[in-house]
Each structure stands twice: as structure tokens, then as C-alpha cells.
Amino acid sequence: MDRLILRPGREKALKRRHPWIFSGAVARVEGEPMPGDTVEAWSNGGELLAVAAYSPQSQIRARVWDWRSRAIDRDFFMEQVKRALNQRSGMRPEVSDAMRLVNGEADGLPGVVADRYGDSIVLQITSAGAERWRDEIADALLDATGATRVWERSDADVRALEGLASRCGPLRGTPPPRAIVIHEHGLKFEVELERGHKTGFYLDQRDNRQRLRALASGCDVLDCFAYTGGFALNALAGGARAVTAVESSGAALELARANATLNALSSAEWIEGDVFQRLRQFRDASRQFDLIVLDPPKFAPTAAHADRAARAYKDINLLAFKLLRPGGALMTFSCSGGVSTELFQKIIAGAALDAAVNARIEAWLHAASDHTVALNFPEGEYLKGLLCRVYA
């Protein structure tokens, strides 16, 4: 097997079981590994540390498959996928028929995300190693789940960093219908697997949508970056007095309206437009709300974008605080990997200060439990959120 020999002292991260080997840690490569090939990682002193997938074009030069010498083959992926499913066996089917099956590094499969929607699995591959084994991974998913199809959504921007082209299409079985219906906490949602955000739906917000439902009774609710209505419909189901939902995509809003009809819920006020502009218009019109949700797209994919992202997060949260009635609540999120939990709290605190409101944290919010996070890989906890309450 080809080898990566690390620079002196650069084995510490691997010994702490962090699964990434950065290019700057590599002293030399022994052999001629191709992208995605399995290599051994050795310390400069001659200690075998891990077996990993090689990626010559990425700053993450290798991603660890295992911490001992072993064959990386079809059986390996069968084992890893079955282990990932067993760890999620406690999720009750009445909660949802859509869930994350594999969550990358947290499940020992770096660069692999697999989500189940009924009898369909959506697979997203973002690393050279996972690309090398995509067929074996697809077969393992079908074998372990009994699903009928695997649809590939390997269209994330990060593939370019690995030297990989974007790819979408059927990988196993027939293409899915234009939209399928999933169930979550008693609500139904149409999901477009081919064109929807991420793998079709924001499964990571499942628990937070239910929390919002519990808070919504009798409230005037504002849902910003509403997408296909996940939070808005839960607010309606929770007995909200009125729901206003803002989303820049007209196609997403059409699906949100369809989802409201599908669940026989009273319609929200669906507004197509830029959230920043609409929040300012609401402020100028002196509109107020009891409960506001801010679930924006990724503003900072890496730490290099953190400063610019911080300004954007502060702007929307400052405006939201100004729109809340006394006693109102703000549910605010960041899915930016480049914004740490600590930084996010500082941003929200600064927004409240500039809005001249007093607010306290009622709860920290996280991704649903099927979006597992490894203790040795804190970068996996990309979604962070706060439930803040304004008081006089």
C-alpha cells in the first residue's frame, strides 16, 4: 500500500482521532497513489497511524477510513453502513419516514451523506475516496435498507476542492417521481429529490420544527428563508394566529403553498422576496411579531468567510429583534461551518445590544439526532441555533 509520511510532530491530530490529514502535515508520499486510492499514514518516527483515502488536489490531503491496517473493500462499506443504521435504530417510525442514514465522518465514511425519503435514498458524495467507492456504497445502502432506488445528488460546491465534477442522476433503480411525499410529526411534505436544497429537504431541522410548533399557539409568526414551508406549516399546525413566510425562490413558495393544501392547513401569507429587504420594510411599517424564525443559507462555508458572514448574521438578527413584541421569541440559526458556536452567540448578543432589547437564551438548538457528531470531529456540528426570549 502507498504511504503518506507525516512531518515530525504532525501525528498529534491523528492520535486524537481527528480524521483529516492536511497537506501541510505531509512530508512525502511513497508510491504513486491516484485520487481516492487507499494509503497508509505513518508518523515520521515509523508508527502506522491510519488508513485513509488520498486526495492530491485538496488541502485535506487524506481522510481516514480506519485507525488500523485493514483492507478497504466492499465488505468494509457493508459493515460501516450497517453500523450507521444500527445507531439510528431507536428512531420511531411514527416520527418520520425520512431520515439521515449516513453522516460522513461521524459514521466513519468521510465524504458520504445518505438520506432516506420513503423507499428512496439520496446519496451525496463530496470526497475523492467516497467517489472511488461510490458503487459499493450504493450497493451497501440498498442491501442494508431494502430501499428501491438510490438517486445521486453529488452537486455540492465542495466537490470542486477535491477535483470532482458535479453529478446528479439515478445510481440504482429508476429515477424518483418529480415529487414524493414524506411524513414528519403528523405533517406531510412534498419533496423534490432532483432539485431540492441539500438532498431535497432540511431533515436536520426536524426537532426544531417540532419545538416551534409547541411555541406557536396564538402567536403572530414570521418565518424567514421559509423554503418549502417546514417551519411555517408547523407554526400553523401549532395554532398560530397568523403566519408570514418570506422566501426568495418562487418555486419553493409554490411547493410551500402545495404543502399547506396537502395538510388542510389555513394558508400563511407567502411573500416572495429578499429577506433583508423585507425585514427592513416590516420595521419601517412598524409590524411586530411574537415568534420569528431565521434559518438562512450558509453565509460562511469556511473560516475565511467568517467576518463577512458575521455582518450578515448580525444584520438580520438585529432587524428581527426590532420586530419582536416584548415577551416574543427568536429562533435563529447558522449552518455555516466557518462560524463557531461561540462566535454565533457573540453575534446574536451584539445584535440584541444594537437593537436595544434585553434577551436571554432559553435553549441551544442543534441538528436532529440522526445527524450524528463525532466527539473527535467537532467540525461535524455545522448547525447551531439559539432560542432567545425578549423581555422588558
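Residues numbered from 1 in each chain as written. Predicted model: local features only at pLDDT ≥ 70, side-chain atom pairs only at ≥ 80, totals over all residues. Heavy atoms only, no water.

Moving on: the pairing of strand 9 (residues 120-125). The element strand 9 is extensively covered by neighbouring structure, given that six of its six residues are classed as buried. The pairing of strand 8 (residues 112-117) with strand 9 spans six bridges and is classified as antiparallel. The residue bridging Val 113 from the neighbouring strand is Gln 124, located in strand 9. Remark: two residues form the turn of the hairpin made by strand 8 and strand 9, two consecutive strands paired antiparallel; Gly 118 in that turn has positive phi of roughly 65°. Pairing of strand 9 with strand 10 (residues 149-154), which is carried by four bridges, proceeds in the parallel orientation. Residue pairing across strands places Ile 121 opposite Val 150, the latter belonging to strand 10. (Buried < 20%, exposed > 50% of the residue type's maximum accessible area, 1.4 Å probe, protein only. Helix = DSSP H or I, 4+ residues; strand = E, 2+ residues; numbered from the N terminus. Pairing = 2+ DSSP bridges.)

Reading across the sheet, the seven strands line up as 16-15-14-17-18-20-19 and stay open at both edges, with mixed pairing between neighbours. Sheet topology places strand 16 (269-272) and strand 19 (358-366) at the edges, where each strand pairs with a single neighbour. In this sheet, adjacent strand axes meet at a mean angle of 15° when their direction is disregarded. Taken together, the five bridges between strand 14 (residues 220-224) and strand 15 (residues 242-247) define a ladder with parallel strand orientation. Its bridge partner lying in strand 15, Asp 220 is registered against Ala 242. In the packing of helix 6 (residues 230-237) onto the sheet, contacts are made with strand 14, strand 15, strand 16, strand 17 (289-294) and strand 18 (324-334), and the angle to strand 15 comes to roughly 175°. Its contacts with the sheet put helix 9 (residues 306-323) on strand 14, strand 17, strand 18, strand 19 and strand 20 (384-391), and the angle it makes with strand 18 is roughly 160°. (Axes fitted to C-alpha atoms, helices over the stretch in contact; angles between N-to-C directions. Contact = heavy atoms within 4.5 Å.)

If you walk across this open sheet you meet the six strands as 2-6-5-4-1-3, and the pairing is mixed. In this open sheet, the two strands that pair with only one neighbour each are strand 2 (20-22) and strand 3 (26-30). On average, each strand axis in the sheet is inclined to that of its neighbour by 35°, with strand direction left out of account. Across three bridges, strand 2 lies against strand 6 (residues 60-66) in antiparallel orientation.

The next thing to look at is helix 4 (residues 134-145). With twelve residues, helix 4 extends 17 Å from end C-alpha to end C-alpha; this agrees with the ideal 16 Å at 1.5 Å per step. Positive phi shows up at Gly 146, right after helix 4, with a value of about 75°. (Expected span 1.5 Å × (residues − 1).)

Turning next to the pattern of salt bridges. Applying the stated criterion to the full structure yields 36 salt bridges. The shortest N-O distance in the salt bridge between Arg 3 and Glu 40 comes to 3.7 Å. Within this pair, whereas Arg 3 is found in strand 1 (residues 3-6), its partner Glu 40 is found in strand 4 (residues 38-42), the two being separated by 37 residues in sequence. By relative accessible area, Glu 40 is classed as buried at 11%. The closest approach of N and O atoms between Glu 30 and Arg 28, which form a salt bridge, is 3.2 Å. (Salt bridge = Lys/Arg side-chain N within 4 Å of Asp/Glu carboxyl O.)

Turning our attention to the packing of helix 9 against helix 10 (residues 341-354). Where helix 9 meets helix 10, the axes come as close as 8 Å, and the angle between the chain directions of the two elements is 45°. By the criterion of interaxial angle, the relationship of helix 9 to helix 10 is oblique. The chirality of how helix 9 crosses helix 10 is right-handed. Residues Ala 306, Ala 310, Tyr 313, Lys 314, Asn 317, Leu 318, Phe 321 and Lys 322 of helix 9 touch helix 10, and the partners they reach there are Leu 343, Phe 344, Ile 347, Ile 348, Gly 350, Ala 351, Ala 352 and Asp 354. (Parallel < 35°, antiparallel > 145°, perpendicular 65-115°, else oblique. Left-handed = near helix turned anticlockwise from the far one by under 90°.)

Of the volumes computed, that of the second largest pocket is approximately 320 Å³. Around the second largest pocket, the lining comprises 20 residues; the ones closest to its centre are Trp 65, Trp 67, Gln 80, Asp 107 and Gly 108. Of all the elements in the fold, those that place two or more residues in the lining of the second largest pocket are strand 6 and helix 2 (74-87). Among the residues forming the lining of the second largest pocket, the class breakdown is eight nonpolar, four polar and eight charged. (1 Å grid on protein atoms, 1.4 Å probe; cavity = no way out; pocket = protein on both sides within 12 Å on 5 of 7 lines; lining within 4 Å. Points joined across faces, edges and corners; volume = space filled by probe spheres on them. Nonpolar A, V, L, I, M, F, W, Y, C, P; charged D, E, K, R; others polar.)

All right, on to helix 8 (residues 275-284) then. Taken residue by residue, helix 8 has Val 275, Phe 276, Leu 279 and Phe 282 as its buried positions. An end-on view of helix 8 places all buried positions within 125° of arc, on one side of the element. In this structure, the buried residues of helix 8 make contact with strand 14, strand 15, strand 16, strand 17 and helix 9. A distance of 3.1 Å separates the backbone nitrogen of Phe 276 from a side-chain oxygen at the start of helix 8, and that oxygen is part of Asp 274. The positive-phi residue at the C-terminal boundary of helix 8 is Ser 286, with phi of around 60°. (Arc of directions from axis to C-beta. Polar contact = N/O pair within 3.5 Å; in protein donor to acceptor, adjacent residues only side chain to side chain.)

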